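Here is what each chain is made of, one letter per residue.
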Amino acid sequence: MSGASPESVAAYPEIIVVLGGGMLPDGVPAPATLARARAAADLARAHAEAAIICSGSHGVGRKPRRSEAASMADLIGAEGIERGRIFLEEQSRDTIGNAVYVAERYLSAIPPRRVYVVTSPFHLERSVETFRLVLGPAWETRGIASEPAPDDADRAKHEPRFLEQTRAFLAGIAPGEVTRIGAKLRERH
């Protein structure tokens, strides 16, 4: 995996951010995480000039030995994507955290550009809206859906509530105010 500096990411005209979809109790990537990594690899092949940021520590439960981000990076690399294009964000445990930690670590210090957010179909609306609110309007944010995973239908049942909670959390903060959103996120944890 490539270095963690924003300057390294700045060299790429487009950015692909793939969001973790959980880890199983035995430390293996959940089906959603695997599907998202495959979709990110496909997108990376089609956008050879894009950096890939794998985002996610783990979802619910105990922290596994390897993060969602590291597991996805391995899968994307195994799909033939050059490892030097792959960057890790391993702190986040939810969608707001994905957007905040990716922005803080890699994006807030570089000029805006197109960002593709790769996630499960059921999670796409909330993910794109969250990244747009965190990054602000100067960043062109597009969503890319992975193939559905077997548990997507069950997880989708919670999306309306999670979207409402996300909007409530970000209410009153102007889009692009990464520092304020990051401070609020740390207060919550």
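As shown above, the structure is provided for reference.
Residues numbered from 1 in each chain as written. Predicted model: local features only at pLDDT ≥ 70, side-chain atom pairs only at ≥ 80, totals over all residues. Heavy atoms only, no water.

J.: Residue-level account of the packing of helix α4 (residues 95-107) against helix α5 (residues 124-135), with values.
T.: Their axes nearest at 9 Å, the elements α4 and α5 cross at an angle of 40°. The angle between α4 and α5 places the two elements in the oblique class. In the crossing of α4 with α5, the sense of the turn from one axis to the other is right-handed. Taken together, the residues of α5 that come into contact with α4 (itself represented by Thr-95, Ile-96, Asn-98, Ala-99, Val-100, Val-102, Ala-103 and Leu-107) are Arg-126, Ser-127, Thr-130, Phe-131, Val-134 and Leu-135. (Axes fitted to C-alpha atoms, helices over the stretch in contact; angles between N-to-C directions. Helix = DSSP H or I, 4+ residues; strand = E, 2+ residues; numbered from the N terminus. Parallel < 35°, antiparallel > 145°, perpendicular 65-115°, else oblique. Left-handed = near helix turned anticlockwise from the far one by under 90°. Contact = heavy atoms within 4.5 Å.)

J.: With reference to specific residues and values, describe the packing of α5 against helix α7 (residues 159-170).
T.: Two elements in contact, α5 and α7, have axes whose closest approach is 10 Å; the angle formed by their N-to-C orientations is 10°. As far as their axial angle goes, α7 and α5 are roughly parallel. Here Glu-125, Arg-126, Glu-129, Thr-130 and Leu-133 of α5 lie close against α7, whose contacting residues are Glu-159, Phe-162, Leu-163, Thr-166, Arg-167 and Leu-170. Among the residues making up the contact of α5 with α7, the classes are represented as 4 nonpolar, 2 polar and 5 charged. (Nonpolar A, V, L, I, M, F, W, Y, C, P; charged D, E, K, R; others polar.)

J.: Give me the lowdown on the pattern of salt bridges, citing residues and values where you can.
T.: Per the stated rule, a full pass over the model turns up 14 salt bridges. With a shortest N-O distance of 2.5 Å, Glu-104 and Arg-186 are connected by a salt bridge. Within this pair, whereas Glu-104 is found in helix α4, its partner Arg-186 is found in helix α8 (residues 178-188), the two being separated by 82 residues in sequence. Owing to a relative accessible area of 42%, Arg-186 belongs among the partly exposed residues under this scheme. Beyond isolated ion pairs, a larger network of salt bridges with shared partners links Glu-14, Arg-114, Glu-140 and Arg-142. (Salt bridge = Lys/Arg side-chain N within 4 Å of Asp/Glu carboxyl O. Buried < 20%, exposed > 50% of the residue type's maximum accessible area, 1.4 Å probe, protein only.)

J.: Can you break down the sheet that holds strand β1 (residues 14-19) residue by residue, with the values?
T.: Here 5 strands make up an open sheet; going across it, the order is β3-β2-β1-β4-β5 and the pairing parallel. The strands lining the two open edges of the sheet, one partner per strand, are β3 (86-89) and β5 (140-145). With direction set aside, neighbouring strand axes in the sheet form an average angle of 25°. Sheet analysis places strand β4 (residues 114-119) next to β5, joined by 6 bridges and oriented parallel. (Pairing = 2+ DSSP bridges.)

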